[in-house]
Each structure stands twice: as structure tokens, then as C-alpha cells.
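# Architecture at a glance
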Amino acid sequence: MAADRGSGWRGLRVAILILALWEVAGRFDLVAGGALPSVGEILVRLWQDRADYPLHVWATLYASAAGFVLGNLAGVAAGVVFALSTTALRIFRGVNIAIFALPPIAIAPILVLTLPGMAPRVALAALGVYFVTMTATVVGISQADSRAADLVRAYGGSRRDVLRLVEFRGALPVILAGLRIAAPNAVLGAILAEFGGGGRWGLGTYLLGSLGRGEPDRLWGIGVIATLIAGLSYAAFALLSRRFLGSARAVTLNTAVPAAQPDRGPLARRIVMSLATVALPFFLWWVFIKATGVPDLIAKTPAAVVDYLFFSPAAGAAQERLWAAMAQTLPITFLGMVAGLSFAFILAILSRLAPRAIEAFMPVALVTQTMPLVALTPLLVLILGRGTSLTLWVTISVTFFPAFVTLAQGIALVPRSAEELPRVYGASRWTEMRMVTIPASLPYLFAATRLTVPRALLGVMIAEWLATGRGLGNLLNQSRGYLDYAMIWTVAAVSVGLAVLFYQAVVMVERRVLGRLGMTTAE
Amino acid sequence: MAAPDGIVLEGVSKTFRGRGKVVEALRDVSLACPSGSFTAIIGPSGCGKSTVMRIALGLETADSGSVRIAGEAPMEAARAGITGVAFQDAALLPWRSVRRNVEVPLEVLRRRPSDHAAEVAAMIGLVGLGGFENSLPGELSGGMRQRVAIARALVTHPQVLFMDEPFGALDQILRRQMNVELQRIWAETGSTALLVTHGIDEAVFLADRVVVMHAAPGRVVEVIDVPFERPRRPPLFSDPAFHRVCDHIAEVLHGG
Ligand SMILES: Nc1ncnc2c1ncn2[C@@H]1O[C@H](COP(=O)(O)OP(=O)(O)OP(=O)(O)O)[C@@H](O)[C@H]1O
Ligand SMILES: [Mg+2]
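Residues numbered from 1 in each chain as written. Chains lettered and ligands numbered in written order. Predicted model: local features only at pLDDT ≥ 70, side-chain atom pairs only at ≥ 80, totals over all residues. Heavy atoms only, no water.

### Quick word on empty space enclosed by the protein
All names here are of chain A. Under the counting rule described, the total for this entry stands at 5 cavities of 30 Å³ or more. The space that makes up the second largest cavity amounts to roughly 270 Å³. Taken together, 19 residues make up the lining of the second largest cavity; nearest its centre are Phe 100, Pro 104, Gly 128, Asn 185 and Arg 455. Breaking the lining of the second largest cavity down by element, the ones donating at least two residues are α5 (93-101), α7 (119-142), α9 (159-195) and α19 (429-468). Considering only residue class, the lining of the second largest cavity consists of 15 nonpolar, 3 polar and 1 charged. The residues that make up the lining of the second largest cavity include at least three from each of domain 1 (53-296) and domain 2 (300-523). (1 Å grid on protein atoms, 1.4 Å probe; cavity = no way out; pocket = protein on both sides within 12 Å on 5 of 7 lines; lining within 4 Å. Points joined across faces, edges and corners; volume = space filled by probe spheres on them. Helix = DSSP H or I, 4+ residues; strand = E, 2+ residues; numbered from the N terminus. Nonpolar A, V, L, I, M, F, W, Y, C, P; charged D, E, K, R; others polar. Domains from an automatic or database assignment.)

Pasting the structure below:
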């Protein structure tokens, strides 16, 4: 494979070039008055700090790995159940969206308040993994070749046979692609939970401890290590995924009309289902509090939050602070999301038009994008200061990565025969793109949008928490400092609620557009 | 004339509704294929041929009318391993080798593929794919994929065999060879066969009766008996009597 080696070399060359530029910029303090240390300086500092790292790395690694395993087990199991039972999928929709949409930073303080020891970290890592894997499983299974499923049914195969012979194996590439997003997510989750406090060890704890001391080289060192962990976990699953994708690609376009299945049951049943869907997350919230047995003073039930926000003597002031924070957070969230998404879409499309150029760029993009956000933010603070542009960049970088992977994956799934058809008629690469690749990747664009909604909010809140001192993130951090438990729970609930709302809006647009085009949602 | 163990469709109607469009795919279609007979369905594209087959296989339910396969409901017959099927589209599992694709019906029917290794190999040889047992579908040509689908349809020795344009992607020579082979296998197994095809000559060569369908709404317009002796041999293709039957079917097909 001469072409492979060529692009590998080009990637290496680009990397070396960037490292060289970095070294020069660092040596001569060209960026933000020395905020960017040179590669050499970072390495020297890493060496000096070498005694600190093992325990911190181990703590983060342990929590991420445990969360990764638990989250994946839960995700695959739930995915299979949801693929088999539309009723279960419907009832759990609210829970799933909430789990997906919750900005981990918003519930990190809550988990630290309610769970002992390492549990908050494992839980947050698992939550970051669960949704990705669950969705990938459902998507993979529902996208399975309906003709092959017909064949199994034609021989009297049961639903389980179809699942076993066709759907699950067909879903594997999608699940594996999900895992490579999930793996860095687990690391991110673990580090974010360390943020919420508790425990002496962990890269997040180390980072927070070093943040105030104004030592760029150490911050960068921690960032490099965190990125390395996340990047390696990504690479491992990318490799696995590539091995599977080669043979599992459908050879022709599946033309079967997808079975749309809106609930056609009686009205009463539908109403009960909708209510259950909305009520279940709140019910689980309540169960969680009762199960952990944390005192009412610290753990607030949904009712307590409503009471605080509307009926308590402090309600007026609380509302005012909340509104002010939201007015600061929401516009920038939207802007960052749109920018990150556009960037991802353009790059994914280009990766098909000019595969070689992108291949050379890919390693660089991957390294920067797998970087756990928490590790990235202090570095961006050093470079960009504590203003709005910081928030924007953090948000773009956290939305771009998952969106790009989703889109690239979707575009890679476009059947060969469909793409070759326009080419046969002498179409240019661009025409081919316009006629086949872009329309075929539309479901994935929406899927990517859904994926980035909560991440955008997360990015903004992290930047606010760590640096800018504005908005919901700051309100959360402040309340933590003042032990204002009711406000902590309120901000968490409101952030999750906002993300869910955003998400639902995207889903509605998606339904309408895809419905008109006769495509299915990549659920 | 409807023997209890053939294929019997009575007054089957089917309408598809979707995205603001209503397609009457089948209107009052009746079809009786006696046990051991060979029936071909021919008709313009979109007239509902595949739909007839999918209903007979239990993949689609008819709005009205009844369907019996070997005296049983379609799904029952399928579960009993009575039916075999080759779709218009090969529908191979892209991650399975040729051999493992041929084994799919056995697995679904809970038969141990290792007990049937000889048959699997024989079927693969029969369709001329010996040596490709371990290839993946992506590495085969369109015609080769379709031949895998045919081998897969035959591997269970079905009593009732459904084929939806199984030879569509084959060249003329191979197609004739496969026609002869199919006739031999069908005669050997004594199965009831229903073949959907676009080739008039293929229909006449293979079938006892040719069912001609028209579109919008999909319906049966005529059933033509084909009287030739069996086994039929390739020279029949150039027999004048053969051509007369073909011409008659072509006329009916074009609304004459
Ligand atoms: N699942 C479906 N949903 C909506 N309409 C359908 C569906 N399946 C088939 N149809 C419609 O029913 C009609 C008959 O389709 P069918 O596939 O049976 O045609 P056919 O005779 O097999 O055509 P061809 O020779 O091209 O394969 C067509 O008009 C088609 O559009
Ligand atoms: Mg058809």
C-alpha cells in the first residue's frame, strides 16, 4: 500500500512541521507573552514532575476504565432492548435524552455531594459512555439491511434470529465507531468529576491545583498526558473499527421503504405514554436521592427545587440570578455550536473530495480534538485570556470532534454503487458529492447536530466555571463555594432542561426535513 | 385443481399507503399452483410480482383474501422449513463468506450447518462457485452474488421454492445453463416452484403455466398453459412451437 505509506509520511511531516513551529514560538515567547511554552520546556517540566504523575494518572485511568466498562455494558444492553421494544424506547426517551443532554460539569457537584469515594468519577465516566454506545447500538440495529432481515424472516426466523444473524453483527461497526467517541468521553467524564471536588489524586485535581500557580509548562504537561490517554483510547477503537468496516459495508443501496412507526394506539394510551416519558427522569431523580440516603439539606428532590425556585422566600432573588446567567450563557452556546458543526461538516465532506490532503491533516486534528476539554481550557485561558473568545473556542473545539466523527462515519457508509453511478456519467467529484454523498449524509448531519447540542452547553459552562466568571457555569461554581445546595440542584436541573429543549427542537426540524425526503432518522 | 399442498392465493388485495400516496399493488389476485408444478409470473415492472411473492412468504400481509402454502399459513410453512427463497436482490450478509451465506437458512431453521456441509458444498458447486467458498460478497460480481442467493435458496431442499428474478444479473449463456439446472433440481426434489421473471423465453422453458399480470392495479389477466414435454432441453429454445407460445404471451403482456 504505497498510498497509505505516502499519506502516513505526509502526516508525520505535518506533525514535525507543527512541532517545529511550536518549539520556535515557545522558545521566543511569541504567543501571549509566554503562555505557550516550547515543546522542550514542557518535556523538561514533565520530567521534573515525574514523581507526581503515576498516582494522578492511575486515579484518572481507573475511574475512566471502570466507567467505560460499566457504561458500555449498560449501553449495549439498553440499545438491544430499545431496538427490540419500541415501547421501552418511548418510555425511556425522556431519561435517555436527559442523560445525553446533561452537561457533566453541571451534575459533577451533585454526584460529589451524594456519592462516596471514587463513585462520582466512575458514574460520570459511565454516563458519558452510556448514551453514545446505546445510540450506536440502536442506530446500527435499525439500519441493518432490511432485505437480509426479510430473508431470515422468510425462513420463519424470529425477531431474535434477525437480531442475532443480521442486525447485531451489522451494528458492530457503528457500535465500534461509537466506542471511539465513548472512550475519550469516559476520560473527560472522570476528569470533570474530579473537578467537582473529593479525592487527592487524579489529573483533574492536579490541574486545578496547578491552575492558580501560573506555571504554563506544568499545565501543558498535564494537558499532554490527559490527551495522550484519551487519544490512545480513541486510536485503539479506531483501529478495531477499521478492521470491521472493510467487510461489513453494504454492497448496494437498500431501497426498501423504511417502516415509520408512530404510535397508532388509542389516544388514552398515547397520553399515558407521553406522561410516563416526561415523568420518568424526575422519578429516577427522586429514587436516586432516596436510595443514596443523603439528608434533605444537601440533596434536593424535584419538588424541593420547584419550591426553592417559585415558593420560597428566596425565590425572587434566585430567579433573577438564574435569568441573568442564562442570558449570558445561551447566545454564545448557540454561536459556538453552529461554528463547530459547520467546521465538522465541511471537513467531513472534504475528506471525501480530497482524501489525501485530509489524511495528512487528520492525525493533527485528532490529537487536538481528543484532548479532554478540561485540560484544554486552562491552556486556552493562557492564550486567549478570560474573555468571550475563550468561551467560543472552547465550545467549537468540544462540538467539532464528535460531529466530525459522526459525519465521517455516515459518509463512509454511503454505498459504493450509489457513489459510482454519477461517476459513470462523467460527473465530477463535486457533482458526485452534491448528488449522492451530501444527501445521503443528511441523516448524519442531524445526528451530529443532536450530538453537539449538549456538548456546546458543556463547553460554555466549563469556560464560565474555570475562567470567565459569567453565566450558568459560574453560578454553579459560586453556589458550590457558598454551599448553596438548592441553587446547585437548580442550576443542574435548569442546564439539563435547557439542553433537552434544544435537543427536542433539533429533533423536530430533523423529522420534518428527513420525512419530506423519505429518509429515516439515525436514532 | 388446487391441491392442498401447493401454493394457493385467493382473492388477495393489497394497497400501500405512504407519504400521501396510495398504490393499489394487487387487486383480487387468485393463484393456485398445484403441488409439484412450476409456475412463472410475468408482467411489467411495478405490477406487483414481488408483492405477490412477499405475501406468499408472509413478509407482507394481504388486506384481504387468503394465502395457503402447502396447506398452512405462510409463516407456519416458513418455520417448518418448507419454503425456500431467492430475492430479486441477492441480499447477502456482507460480512459472511459465500459458504456462511449459504448456511443462513440452515441456521435460522436451527439445523446444524456442520451436518449439511456436503449439501452446502454441492450447492455452491452447482451454481459454479466452487473455489469461492471463502470469498466475501464484496469480492464477487453481481451475477456471482445472485448465484450465491440461488444456492442459498436450494440448500434446504424446499418443498415450495420462491424465486424473484433470480437470474436477472446473469449472462444469456449462464442463464440458460441455470435454467436447465433449475429444471433438473426442481424435477428431482418434486418441489412446487413459483418464479418471477422478465424473460418470456425463460418462463416458457421452465413453467407449466405462465401467469401474466398487468399493472395499476396489479392483477392477473391470463394464465397460459405450456404443454411441452419434460425434461425440456436447450434445443427447445429454437423450436417454432416454443416461439408461438412466446409470441402469444408477448401479445397478452402488451395488452393484446
Ligand atoms: N413497501 C411498499 N410501500 C409502498 N409501496 C410499495 C411497497 N412495496 C411495493 N410497493 C408498490 O407496489 C407496486 C408493486 O411493487 P412490486 O415490487 O411488487 O413490483 P414488481 O412487479 O415486482 O416490479 P419489478 O418487476 O420492477 O420488480 C409498485 O407500484 C410499488 O411502488
Ligand atoms: Mg420485483
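### What to know about helix α7 (residues 172-189) of chain B
Residues and elements named next belong to chain B. Given a rise of 1.5 Å per residue, 18 residues ought to cover 26 Å, and the 25 Å separating the end C-alpha atoms of α7 matches this to within 8%. Listing the buried residues of α7 in full gives Leu 174, Arg 175, Met 178, Asn 179, Leu 182, Gln 183, Ile 185 and Trp 186. Of the surrounding secondary structure, the elements contacted by the buried residues of α7 are β3 (38-42), α5 (117-126), α6 (142-154), β6 (160-164), β7 (192-196) and α8 (200-206). By the N-cap criterion, in which a side-chain oxygen at the helix start approaches the backbone nitrogen of a residue two or three places on, α7 is capped by Asp 171, the distance to Ile 173 being 3.1 Å. Gly 190 occupies a position one or two residues after α7 and carries a positive phi of about 65°. (Expected span 1.5 Å × (residues − 1). Buried < 20%, exposed > 50% of the residue type's maximum accessible area, 1.4 Å probe, protein only. Contact = heavy atoms within 4.5 Å. Polar contact = N/O pair within 3.5 Å; in protein donor to acceptor, adjacent residues only side chain to side chain.)

### Brief notes about the confidence of the model for chain A
Per-residue confidence for chain A averages 79 on the pLDDT scale, and 83% of its residues sit at or above 70. Between residues 247-260 of chain A, whose pLDDT stays under 50, and residues either more than four places distant or in other chains, the model counts 34 contacts. (pLDDT = per-residue confidence, 0-100.)

### Looking at the sheet that holds strand β2 (residues 21-33) of chain B
Residue and element names in this part refer to chain B. The sheet built from 3 strands is open, its strands ordered β2-β1-β4 with antiparallel pairing. Unpaired on one side and paired on the other, β2 and β4 (64-69) mark the two borders of the sheet. Within the sheet, the average angular offset between the axes of one strand and its neighbour, ignoring direction, is 25°. Where strand β1 (residues 7-18) and β2 come together, 9 bridges link them in antiparallel fashion. Residue Thr 15 lies in a different strand from β2, and its bridge partner there is Glu 24. (Pairing = 2+ DSSP bridges. Axes fitted to C-alpha atoms, helices over the stretch in contact; angles between N-to-C directions.)

### So, the confidence of the model for chain B
Close reading of the predicted structure is inappropriate where its pLDDT is low. Mean pLDDT over chain B stands at 85; residues scoring 70 or higher make up 97%. For this predicted complex, the interface score ipTM comes out at 0.71, alongside a pTM of 0.71.

### Some remarks on the nonpolar core
The biggest cluster of nonpolar side chains holds 54 residues, and the ones touching the most others in it are B:Phe38, B:Val204 and B:Ile249. Apart from residues lying up to four places away in sequence, B:Val204 is in contact with B:Val210, B:Val226, B:Phe228, B:Arg232, B:Phe242, B:Val245, B:Cys246 and B:Ile249. Counting 45 residues, the second largest nonpolar core, distinct from the first, contains A:Leu102, A:Ile107, A:Leu192 and A:Ala492. (Core = buried A, V, L, I, M, F, W, Y, C linked by side-chain atoms within 4.5 Å.)

### Observations concerning the site of ligand 1
Residue and element names in this part refer to chain B. In the vicinity of ligand 1, 13 residues are found, and the nearest of them are Ser 45, Gly 46, Lys 49, Ser 50 and Thr 51. Contact between ligand 1 and Ser 50: an oxygen atom at 2.6 Å from a side-chain N or O atom of the residue. Contacts to ligand 1 include His 198, whose side-chain N or O atom sits 3.0 Å from an oxygen atom. Relative to its free-state accessible area of 630 Å², ligand 1 is covered by the protein chains to the extent of 68%. Counting residues per element, the ones that place at least two in the shell around ligand 1 are β2 and α1 (49-56). (Near = heavy atom within 4 Å. Areas by Shrake-Rupley, 256 points an atom, 1.4 Å probe, with all protein chains shown as cover.)

### With respect to the interface of chain A and chain B
Often, the extent of an interface is quoted as the loss of accessible area upon association of its parts. Contacts between the two partners involve 26 residues from chain A, matched on the other side by 29 residues from chain B. Viewed at the interface, chain B and chain A are joined by 2 salt bridges. A salt bridge links A:Asp161 to B:Arg110, with the shortest nitrogen-to-oxygen separation between them at 2.9 Å. At the boundary of chain A with chain B, the tally comes to 3 residue pairs in polar contact (both at pLDDT 80 or more). Looking at the side of chain A that touches chain B, the elements with two or more residues in it are α8 (146-154), α9, α11 (216-248) and α21 (485-517) of chain A. The element that contributes the greatest number of residues to the side of chain A that touches chain B is α8(A), accounting for 7 residues. Taken together, the residues of the side of chain A that touches chain B break down into 10 nonpolar, 7 polar and 9 charged. (Salt bridge = Lys/Arg side-chain N within 4 Å of Asp/Glu carboxyl O.)

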